[in-house]
Amino acid sequence: MATANYVPPEDRFLCSICLDVFTDPVTIPCGHNFCKTCITEHWDTSDRCQCPMCNKEFNTRPELHVNTFISEMVAEFRQSAQQKASSSSSSSEQQVFKPGEVPCDVCTETKLKALKSCLVCLTSYCETHLEPHLTKSGLKRHQLIDPVENLEDRMCTKHDKPLELFCKTDQTCVCMLCTVSDHKMHDVVPLKQEYEGKKAELETEIQQMIQKRQLKIEEIKHSVDLSKKEADREEAEGVQVFTALKESVERGQANLINTIKEKQKTTENQAEDFIKELEQEISELKKRSSEVEQVTHSEDHLHLLQRFMSLKVAPPTKDWTEVSIHSSHEGTVVRAVVQLEETFSEEMKKLIEAELKRFQKYAVDVTLDPDTAHPELILSDDGKQVSDSDVKKNLPKNPERFSDCICVLGKQSFSSGRFYFEVQVKGKTEWELGVARESINRKGGIKLGPQWGFWTIWLRNGIEYKALDDPPVLLSLKSQPQKVGVFVDYEEGLVSFYDVDAAALIYSFTGCSFTEKLYPFFGPCNNDGGKNSAPLIISPVRVN
């Protein structure tokens, strides 16, 4: 016979449907007990009315009444568990729930810190209240996790059942009852299965992202190494060039000083020779003067007249009227500076030739975009040549097309890095070249300049070159370019134009701020009755 304080094992009070302690326990005709809500919902969603435990089928749904005996036993069990929890909490001060921790859902007075949360019961338990889940066979099957808050979010809002399945069709978590209602015939798998799949997918994706970033780090490091090598090479070349220029200046200065000194020495020597010659003539003239004085002191008139002719004969002297000493230094400094300028020009040409060779590594294959071409323009089949026909064709008026400006863009766009291309302008009297941002105005009259999204230079009247900067800059070129190279460094904000054949810099736009895609820009200008009929030709870049 049982003692008065005997408490039956907890698993005798568990509903086999929700696996939790009975709530309003009812007994059906076969003798099995369930929560009233659980068995009602089970029958509501089932085709047949039968016992979930023994599968006994009933012709009509039995009338359900709460089993008062079991209900009282459950109440006594709950009270005993709460008392046990209270006594345990008083002796476990170190486990009292603190802010930021998950509290035990069973504790009624002092809330203790939860050790685990049950995904079946949707309840968090402290050490004391967790014990049944560790010892009772029915509860051991429950899934325990580290304590989490808001376990109610793990319940189906429609059926109030645990979300223990995943509908792959709708990509959402569902309960058992959802699979026979809204998600019937859908591809449904256990949460754990989908969790493993998603976990593997995330891990793979994260690893791929890590690998990409590691590769990017290596790429950046490699770029830094290349930049360092390029900086060292630039520094070495710069030192070499400036050393050569410095030596040239020093040689020019030394030559200038020597030349001036030599000319001065020559002048002084010439003066000394003149002075010696003049002094010799003066000496002879003084001797003649002495003879004349002797004769003139004599009273012998006949003797004077007889000697007069011999005294009258001039000594061997020359006419000094046109003789003079002139300075020969004029123009010496100018000629030295001109020579120095020629040396500078030669060194500058070498630098630009080397620079062009480096830029040619960034050569891109540019073709003309017919969808942007003004209706008068004629484009070659390969998209490399454009010229004006003076005849306006009937073409679709798409937003990309220039309506009034006789120009065309390249198909290729650039939003980072460096790029370079060359255009032949030989035989033309007018043209426009450069780059333009994507959002430029393409309808009506167009102004060229950085403030309107254009970085260009042009030729007018066969001889007038201008950089359309803000403000425009008139260019003075030593020779007329036959082929123009265009180099762009997007991040640096640089657009440079070069005379390819002469290896000379035409103009550079610096300090530009690029925020959009850039397109190569070509303007062959009006045909001008055949005077400007030569096409602009995108030339292949010869990489040296």
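Residues numbered from 1 in each chain as written. Predicted model: local features only at pLDDT ≥ 70, side-chain atom pairs only at ≥ 80, totals over all residues. Heavy atoms only, no water.

### Notes on the overall build of the protein
Link 1 in the chain: Counting its regular elements, the protein contains 7 helices and 21 strands.
Link 2 in the chain: On C-alpha atoms alone, the protein measures out to a radius of gyration of 53 Å, which is more than a quarter above the 24 Å that the 2.2 N^0.38 rule sets for 544 residues.
Link 3 in the chain: For the C-alpha atoms alone, the extent of the protein along its principal axes is close to 200 × 75 × 35 Å.
Link 4 in the chain: Each of the 544 residues in the protein was classed as buried or not, and the buried ones make up 33%.
Link 5 in the chain: The long-range share in the protein, meaning contacts at least 24 apart out of those at least 6 apart in sequence, stands at 57%. (Helix = DSSP H or I, 4+ residues; strand = E, 2+ residues; numbered from the N terminus. Rg over C-alpha atoms; globule rule 2.2 N^0.38 Å. Buried < 20%, exposed > 50% of the residue type's maximum accessible area, 1.4 Å probe, protein only. Contact = heavy atoms within 4.5 Å.)

### Details of the environment of K384
Link 1 in the chain: By secondary structure assignment, the location of K384 is in the loop between β9 (377–379) and β10 (385–388).
Link 2 in the chain: Each C-alpha atom of the pair K384 and C405 lies 19 Å from the other, and the pair is 21 residues apart in sequence.
Link 3 in the chain: With near-sequence residues (within four places) excluded, K384 lies in contact with D365, V366, T367, L368, L536, I537 and I538.
Link 4 in the chain: Among the polar contacts made by the side chain of K384, one reaches the side chain of D365 at a distance of 2.4 Å. (Polar contact = N/O pair within 3.5 Å; in protein donor to acceptor, adjacent residues only side chain to side chain.)

### Quick word on the sheet that holds strand β4 (residues 123–125)
Link 1 in the chain: Within the open sheet, the 3 strands sit side by side as β4-β3-β5. Their pairing is antiparallel. Either end of the sheet is taken by a strand with one partner, and the two such strands are β4 and β5 (144–145).
Link 2 in the chain: Where strand β3 (residues 116–118) meets β5, 2 bridges bridge the pair, whose relative direction is antiparallel. Pairing of C118 across the sheet is with L144, part of β5.
Link 3 in the chain: The strands touched by helix α3 (residues 127–135) within the sheet are β3, β4 and β5, with β4 carrying the most contacts at an inclination of about 110°. (Pairing = 2+ DSSP bridges. Axes fitted to C-alpha atoms, helices over the stretch in contact; angles between N-to-C directions.)

### Quick word on helix α5 (residues 191–296)
An α-helical turn contains 3.6 residues, so any two residues separated by three or four positions project in the same direction.
Link 1 in the chain: With 106 residues, α5 ought to run about 158 Å at 1.5 Å a step, and its terminal C-alpha atoms sit 151 Å apart, in line with that.
Link 2 in the chain: Within α5, burial applies to E194, V241, L245, S248, L256, T267, F274, E281 and V295. (Expected span 1.5 Å × (residues − 1).)

### Description of the packing of aromatic side chains
Link 1 in the chain: The tally for this structure, following the rule as stated, stands at 13 aromatic pairs.
Link 2 in the chain: An angle of 55° between the planes, with centres 6.2 Å apart, marks the rings of Y362 and F487 as tilted. Pair noted here: Y362 is in the loop between α7 (332–359) and β9 and F487 is in strand β17 (residues 483–489), with a separation of 125 residues, a long-range link.
Link 3 in the chain: Taking the relative accessible area as the measure of exposure, Y362 reaches 25% and is therefore partly exposed.
Link 4 in the chain: Chaining the aromatic ring pairs together yields one cluster made of F359, Y362, F487 and Y498.
Link 5 in the chain: Taking the ring centre of F402 as reference, the NZ or CZ of R442 above it sits at 6.0 Å.
Link 6 in the chain: The ring of W458 carries the charged tip of R460 above its face, separated from the ring centre by 3.8 Å. (Phe/Tyr/Trp six-rings, centres within 6.5 Å; stacked < 30°, edge-to-face > 60°. Lys NZ or Arg CZ within 6 Å of the ring centre and 35° of its normal.)

### Notes on the pattern of salt bridges
Link 1 in the chain: In total, this model carries 17 salt bridges according to the counting rule given.
Link 2 in the chain: With a shortest N-O distance of 3.8 Å, E234 and R233 are connected by a salt bridge.
Link 3 in the chain: Overall, E234 belongs to the partly exposed group, its relative accessible area being 34%.
Link 4 in the chain: Owing to a relative accessible area of 27%, R233 belongs among the partly exposed residues under this scheme.
Link 5 in the chain: A single salt-bridge network, built from bridges that share partners, covers E230, R233, E234, E237 and R358. (Salt bridge = Lys/Arg side-chain N within 4 Å of Asp/Glu carboxyl O.)

### Some words on the nonpolar core
Link 1 in the chain: If you look at the biggest cluster of nonpolar residues, it comprises 36 residues, and the most contacted ones within it are W431, V484 and F522.
Link 2 in the chain: Within the second largest apolar cluster, 20 residues are counted, among which are F13, I28, C51 and V74. (Core = buried A, V, L, I, M, F, W, Y, C linked by side-chain atoms within 4.5 Å.)

### What to know about the confidence of the model for the protein
Link 1 in the chain: Across the protein, the average pLDDT comes to 86, with 91% of residues at or above 70.
Link 2 in the chain: Confidence, expressed as mean pLDDT per element, reaches its minimum in the protein at helix α6 (residues 301–312) with 68 and its maximum at strand β20 (residues 518–523) with 98.
Link 3 in the chain: Predicted confidence is poor over residues 1–7, with pLDDT under 50, and the contacts of this stretch with residues over four places away or in other chains come to 3 contacts.
Link 4 in the chain: Segment residues 89–94 is flagged for pLDDT under 50; beyond a separation of four residues in sequence, or across chains, it makes 3 contacts in the model. (pLDDT = per-residue confidence, 0-100.)

### Remarks on the environment of E281
Link 1 in the chain: Mapped onto the elements of the fold, E281 is located in helix α5.
Link 2 in the chain: According to the relative accessible area criterion, E281 is buried, its value standing at 10%.
Link 3 in the chain: Sequence-wise, E281 and K318 are 37 residues apart; in three dimensions their C-alpha atoms are separated by 9.2 Å.

### Examining unusual backbone geometry
Link 1 in the chain: Residue P471 is bonded to the preceding D470 through a cis peptide linkage, with omega at 5°.
Link 2 in the chain: Positioned with a positive phi, L122 is a non-glycine residue whose angle comes to about 55°.
Link 3 in the chain: Its location among the elements puts L122 in the loop between β3 and β4.
Link 4 in the chain: With a phi close to 55°, N461 is a non-glycine residue in the positive phi region.
Link 5 in the chain: Among the residues examined, N461 registers a relative accessible area of 53% and is labelled exposed.

### What to know about the sheet that holds strand β18 (residues 494–499)
Link 1 in the chain: Strands sit in the order β9-β10-β21-β12-β17-β18-β19 across an open sheet of 7 strands; the sheet is antiparallel. One side of each edge strand has no neighbouring strand; the edge strands of this open sheet are β9 and β19 (504–509). Between one strand and the next, the sheet's axes are offset by a mean angle of 20°, whatever the strand orientation.
Link 2 in the chain: The sheet strands contacting α7 are β12 (418–424), β17, β18 and β19, and the helix crosses β18 at an angle near 120°.

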